[in-house]
Amino acid sequence: MQETEIVNAVVESTGTDTDTARRGVQSTLEVLGQRLAGGESKNLAAQLPAELKNCLPADAPGERFDLAEFYRRVAKREGGVTEAQARQHARATMHAVTVAVTDAEIGHVAGQLPTEYADLLGTEPVQKH
């Protein structure tokens, strides 16, 4: 899957414009990279399109923060969006990433996240705000 396909999937899911979707994808991956540890960020990046690999740090710090903080950080990085919009963008991004990478890789990512992150990794349709 190419970067444009991931961005377009976010556009289709959220109804936002391409630039906002691209910022949402990049912001989501950057914040996810802060949360992952033990080389998992690098492993995920290896399966993503070249344009998105740099969003994930090779040495992820494995910071511990809850899901609400995850969405706050995404909103802050995106700029000009609410936390509810950031949640939509992040969920749509992760749905597209789930399609783009192997099931095993998504399993490794999910394995590092507390159960409350099921909202981020959920597959039900994203509701527009």
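Data block above holds the structure.
Residues numbered from 1 in each chain as written. Predicted model: local features only at pLDDT ≥ 70, side-chain atom pairs only at ≥ 80, totals over all residues. Heavy atoms only, no water.

### Notes on the packing of helix 1 (residues 3-14) against helix 2 (residues 18-35)
Close contact between helix 1 and helix 2 brings their axes to 9 Å; oriented N to C, the two are set at 110°. Of the possible angle classes, the one that applies to helix 1 and helix 2 is roughly perpendicular. Facing helix 1, whose interface residues are Glu 3, Ile 6, Val 7, Val 10 and Val 11, helix 2 presents Thr 18, Ala 21, Arg 22 and Val 25. Classifying every residue of the contact of helix 1 with helix 2 by side-chain character gives six nonpolar, one polar and two charged. (Axes fitted to C-alpha atoms, helices over the stretch in contact; angles between N-to-C directions. Helix = DSSP H or I, 4+ residues; strand = E, 2+ residues; numbered from the N terminus. Parallel < 35°, antiparallel > 145°, perpendicular 65-115°, else oblique. Contact = heavy atoms within 4.5 Å. Nonpolar A, V, L, I, M, F, W, Y, C, P; charged D, E, K, R; others polar.)

### Topic: helix 7 (residues 103-111)
Among all positions in helix 7, only Glu 105, Ile 106 and Val 109 are buried. An end-on view of helix 7 places all buried positions within 100° of arc, on one side of the element. Summarising the geometry of helix 7, the exposed residues directed more than 90 degrees from the buried face are Asp 103 and Gly 111. Contact partners of the buried residues in helix 7: helix 2, helix 3 (40-46) and helix 6 (83-100). (Buried < 20%, exposed > 50% of the residue type's maximum accessible area, 1.4 Å probe, protein only. Arc of directions from axis to C-beta.)

### Examining the environment of Tyr 71
Residue placement: Tyr 71 occurs in helix 5 (residues 67-78). Once the C-alpha coordinates of Tyr 71 and Asp 17 are considered, the two residues, 54 residues apart in sequence, prove to be 19 Å apart. Not counting residues up to four positions away in its chain, the partners in contact with Tyr 71 are Glu 83, Ala 86, Arg 87, Ala 90, Arg 91, Asp 119 and Leu 120.

### With respect to the nonpolar core
Most often, soluble globular proteins keep nonpolar side chains buried together rather than apart. Core analysis: the largest hydrophobic core is formed by 36 residues, its most contacted members being Leu 29, Leu 32, Leu 44, Leu 48, Phe 70, Val 97 and Leu 120. Elements that contribute at least two residues to this core include exactly helix 1, helix 2, helix 3, helix 5, helix 6 and helix 7. Among residues more than four places away in sequence, those in contact with Leu 48 are Leu 29, Lys 53, Leu 56, Val 97 and Val 101. (Core = buried A, V, L, I, M, F, W, Y, C linked by side-chain atoms within 4.5 Å.)

### Focus: helix 5
Here helix 5 spans 17 Å end to end across twelve residues, near enough to the 16 Å set by a 1.5 Å rise per residue. Buried residues of helix 5: Leu 67, Phe 70, Tyr 71, Val 74, Ala 75 and Glu 78, and no others. Axial view of helix 5: buried residues confined to an arc of 135°, hence all on one face. Residues of helix 5 that are buried in the fold lie against helix 2, helix 6 and helix 8 (118-121). Residue Asp 66 occupies the N-cap position of helix 5, its side-chain oxygen lying 3.3 Å from the main-chain nitrogen of Ala 68. Just beyond helix 5, the residue with positive phi is Gly 79, at close to 75°. (Expected span 1.5 Å × (residues − 1). Polar contact = N/O pair within 3.5 Å; in protein donor to acceptor, adjacent residues only side chain to side chain.)

### Quick look at the packing of aromatic side chains
Tallied over the full model, the rule gives three aromatic pairs. Where Phe 70 meets Tyr 71, the ring centres are 5.9 Å apart and the plane angle is 85°; that geometry is what we call edge-to-face. Each ring, one from Phe 70 and one from Tyr 117, has its centre 5.8 Å from the other, and the planes form 85°; the classification is edge-to-face. Of this pair, Phe 70 sits in helix 5 while Tyr 117 sits in the loop between helix 7 and helix 8, placing them 47 residues apart in sequence. Accessibility expressed as a relative area gives 0% for Phe 70, which makes it buried. Tyr 117 gets classed as buried once you look at its relative accessible area, which sits at 1%. Here the aromatic cluster, defined as three or more aromatic residues joined through ring pairs, consists of Phe 65, Phe 70, Tyr 71 and Tyr 117. Lying across the ring of Phe 65, Arg 35 places its NZ or CZ 5.9 Å from the centre. Across from the ring centre of Phe 65, 3.9 Å away, lies the NZ or CZ of Arg 73, which sits over that ring. (Phe/Tyr/Trp six-rings, centres within 6.5 Å; stacked < 30°, edge-to-face > 60°. Lys NZ or Arg CZ within 6 Å of the ring centre and 35° of its normal.)

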